[in-house]
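Coordinate inspection notes
One-letter residues, chain by chain:
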Amino acid sequence: MRILGIETSCDETGVAIYDSEKGLLGHALFSQVGLHADYGGVVPELASRDHVRKLLPLVRRIMGETGTGPDDLDGVAYTAGPGLIGALMVGACAGRALAYGWGIPAVAIHHMEGHLLAPMLEENPPAFPFVALLVSGGHTQLVEVRGLGDYQLMGESLDDAAGEAFDKAAKMLDLDYPGGPRLAALAEKGDPARFTFPRPMTDRPGLDFSFSGLKTYTLTTVRAHAQEDGLPDEQTCADIAAAFQDAVVDTLVIKCRRAIKASGHKTLVVAGGVSANRVLRARLEEKLRQEGAGVYYPRHEFCTDNGAMIAYAGSLRLKAGERADLDIEVRPRWPMTQLNKS
Ligand code: KG4
Ligand code: ZN
């Protein structure tokens with residue numbers, strides 16, 4: 001079964017071709033980072049318009065590069081939510097229309113399910129059941145995954161998502177959008193021991209997260225050390241970045257250990273943009289090894305948004321008999337626990 005995958009939920013136009021026998025044949029991504037940089041964040045209307053411009057040329061390119069003609073395809077998978085409504089509409093309309101024109105089925109994919117399954121594209125894939133930590137710009141969730149679509153929410157952020165907190169803290173340090181990876185790079189030059197930031201909600205039982213207090217703590221620290229230009233000196237900025245990253249990573253690691261213990265599973269899957277963070281990866285591996293658990297990630301380029309994860313999730317859902325109707329529906333908000341089990 002060969003599937004075209006389309007991802008347009010936010011600021012990356014991603015396409016891929018996945019073959020259930022041969023694996024991932026190819027993928028292509030156009031990032032809108034340059035387009036939104038001047039605005040300090042994603043401008044939804046600009047995102048939609050750019051998906052309109054980039055999507056079909058990318059589809060044509062990936063089909064050419066992988067030697068795939070419409071007759072070789074068995075389905076089209078597109079992200080139907082959660083995400084920006086206009087951006088989602090572009091991928092959903094194009095994906096549904098291509099499938100209609102080619103006379104093949106289409107399937108609507110949940111963006112976070114795509115992230116969750118992305119580690120299965122790797123050579124040594126995790127097996128069900130496992131605990132998943134989903135950490136992106138919009139979500140921070142611990143999910144018990146028993147099988148495809150069999151998801152039990154164990155805990156989630158009550159306010160900001162981890163990626164969002166990274167992005168906001170980065171802004172306070174005057175780092176350009178997208179802030180997360182830039183803050184992580186700055187943190188490498190910092191001394192994490194100079195400041196100690198709180199580890200929110202780790203002093204009580206439970207698996208929920210809260211990052212808004214940490215955000216306020218960061219702002220207070222930035223202001224307390226600000227010079228005339230409103231910013232602390234370079235080294236202090238790096239030290240604050242390191243302390244912030246340390247606090248987020250520690251908090252995530254503590255909750256993951258708890259979730260692994262509570263579930264009894266021995267596998268942790270980490271996915272979503274923040275799973276690209278090197279300190280998070282290293283510390284999770286170290287601490288979860290102590291619980292006898294293995295940690296699985298997608299390759300670096302598939303941590304953030306991409307078409308490959310959507311093509312892969314689409315292949316599983318099409319195989320399970322799922323089909324999207326012709327009345328195209330996208331869902332900007334869509335709890336993953338509402339998905340069908342297959
Ligand atoms: O999964 P993703 O590409 O898009 C969403 O579905 O949200 O995640 C993007 C998020 C952003 O908040 C970005 O700052 C964060 O992931 N991110 C990182 C790193 N790389 C991306 N955060 C911390 N460290 C990184 N290395
Ligand atoms: Zn994402």
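Above this text is the structure in question.
Every value quoted in this text rests on a predicted model; they were computed, and no experiment measured them. (Residues numbered from 1 in each chain as written. Chains lettered and ligands numbered in written order. Predicted model: local features only at pLDDT ≥ 70, side-chain atom pairs only at ≥ 80, totals over all residues. Heavy atoms only, no water.)

**A word on helix H10 (residues 308-319)**
Here H10 spans 17 Å end to end across 12 residues, near enough to the 16 Å set by a 1.5 Å rise per residue. Of all 12 residues making up H10, 11 are buried, and the element is well covered by its neighbours. Considered for burial, the residues of H10 that qualify are Ala-308, Met-309, Ile-310, Ala-311, Tyr-312, Ala-313, Gly-314, Ser-315, Leu-316, Arg-317 and Leu-318. Gly-321 sits one or two positions beyond H10 and adopts a positive phi of about 95°. (Helix = DSSP H or I, 4+ residues; strand = E, 2+ residues; numbered from the N terminus. Expected span 1.5 Å × (residues − 1). Buried < 20%, exposed > 50% of the residue type's maximum accessible area, 1.4 Å probe, protein only.)

**Points about the pattern of salt bridges**
Scanning the model with the defined rule gives 24 salt bridges in all. Residue Arg-299 pairs with Glu-122 through a salt bridge whose shortest N-O separation is 2.9 Å. One end of the pair, Arg-299, is in the loop between strand E10 (294-296) and H10; the other, Glu-122, is in the loop between helix H4 (111-117) and strand E6 (130-135), and 177 residues separate them in sequence. Residue classification places Arg-299 among the partly exposed residues on the basis of a relative accessible area of 30%. Here Lys-261 and Glu-291 are joined by a salt bridge, their closest N and O atoms 3.9 Å apart. Of this pair, Lys-261 sits in helix H8 (residues 234-263) while Glu-291 sits in the loop between helix H9 (278-289) and E10, and the two are 30 residues apart along the sequence. Each of Glu-144, Arg-146, Asp-150 and Lys-341 takes part in a single network of salt bridges with overlapping partners. (Salt bridge = Lys/Arg side-chain N within 4 Å of Asp/Glu carboxyl O.)

**Examining the sheet that holds strand E5 (residues 106-110)**
The 5 strands lie next to each other as E3-E2-E1-E4-E5, forming an open sheet whose pairing is mixed. Two strands in the sheet have a free side with no partner beyond their single neighbour: strand E3 (23-31) and E5. For this sheet the average axis-to-axis angle between neighbouring strands, irrespective of direction, equals 20°. Both strand E2 (residues 12-19) and E3 contribute to a ladder of 8 bridges, which runs antiparallel. Each residue of the ladder has a partner; that of Gly-14, found in E3, is Leu-29. Sheet contacts for helix H2 (residues 44-65): strand E1 (2-7), E2 and E3; angle to E2, the most-contacted strand, approximately 25°. The strands touched by helix H3 (residues 85-102) within the sheet are E1, strand E4 (75-81) and E5, with E4 carrying the most contacts at an inclination of about 160°. (Pairing = 2+ DSSP bridges. Axes fitted to C-alpha atoms, helices over the stretch in contact; angles between N-to-C directions. Contact = heavy atoms within 4.5 Å.)

**Some points on the packing of H2 against H3**
Between H2 and H3, whose axes approach to 9 Å, the crossing angle comes to 35°. For the pair H2 and H3, the crossing hand works out as right-handed. For the pair H2 and H3, contact is made by Ser-48, His-51, Val-52, Leu-55, Leu-56, Val-59 and Met-63 and by Gly-86, Ala-87, Val-90, Gly-91, Ala-94, Leu-98 and Trp-102, respectively. (Left-handed = near helix turned anticlockwise from the far one by under 90°.)

**A look at the site of ligand 1**
Around ligand 1, 18 residues are found, and the nearest of them are His-115, Gly-137, Asp-167, Gly-273 and Asn-277. Between ligand 1 and the protein, one listed contact pairs an oxygen atom with a side-chain N or O atom of His-115 at 3.0 Å. The separation between an oxygen atom of ligand 1 and a polar main-chain atom of Gly-163 is 3.1 Å. Contact with the protein chains covers 87% of the free accessible surface of ligand 1, which is 550 Å². (Near = heavy atom within 4 Å. Polar contact = N/O pair within 3.5 Å; in protein donor to acceptor, adjacent residues only side chain to side chain. Areas by Shrake-Rupley, 256 points an atom, 1.4 Å probe, with all protein chains shown as cover.)

**Describing the pairing of E2**
Of all 8 residues that make up E2, 8 are buried, and the element is covered over most of its length. Residues Glu-12, Gly-14, Ala-16 and Tyr-18 point to one face of E2 and Thr-13, Val-15, Ile-17 and Asp-19 to the other, with burial holding for every one of them. Between the antiparallel neighbours E1 and E2 lie 4 residues. The turn joining E2 and E3, which pair antiparallel and follow one another in sequence, is formed by 3 residues.

**Concerning the nonpolar core**
In summary, soluble globular proteins display a tendency toward joint burial of nonpolar side chains. Counting residues in each nonpolar core, the largest one holds 57 residues, and the members touching the most others are Leu-4, Val-59, Leu-116, Leu-117, Tyr-151 and Met-336. In this structure Tyr-151 touches Glu-113, Leu-116, Val-143, Glu-144, Val-145, Met-336, Thr-337 and Leu-339, once residues within four positions along its chain are discounted. (Core = buried A, V, L, I, M, F, W, Y, C linked by side-chain atoms within 4.5 Å.)

**So, the packing of aromatic side chains**
Under the criterion given, the structure shown has 6 aromatic pairs. Connected via pairs of aromatic rings, a cluster forms that spans Phe-195, Phe-197 and Tyr-217. Just above the ring of Phe-30 sits the side chain of Lys-54; from NZ or CZ to the centre is 4.1 Å. Above the ring of Phe-209, the side-chain terminus of Lys-255 is found at 5.7 Å from the ring centroid. (Phe/Tyr/Trp six-rings, centres within 6.5 Å; stacked < 30°, edge-to-face > 60°. Lys NZ or Arg CZ within 6 Å of the ring centre and 35° of its normal.)

**What to know about the state of the cysteines**
Tallying each qualifying case throughout the model produces 0 disulfides. Of the cysteine sulfurs around Cys-303, a residue in no disulfide, the closest is that of Cys-256, at 14 Å. (Disulfide = S-S within 2.5 Å.)

**Details of the environment of His-111**
Relative to the assigned elements, His-111 resides in helix H4. Exposure remark for His-111: the relative accessible area of 6% places this residue in the buried category. Along the primary structure His-111 and Ala-80 are separated by 31 residues, whereas in three dimensions their C-alpha atoms are 7.3 Å apart. Among residues more than four places away in sequence, those in contact with His-111 are Glu-7, Ser-9, Thr-79, Gly-81, Pro-82, Asp-305 and Met-309. Here Glu-7 takes part through its side chain, which lies 2.9 Å from a polar atom of the side chain of His-111. There is a polar contact of 3.0 Å between the side chain of His-111 and the side chain of His-115.

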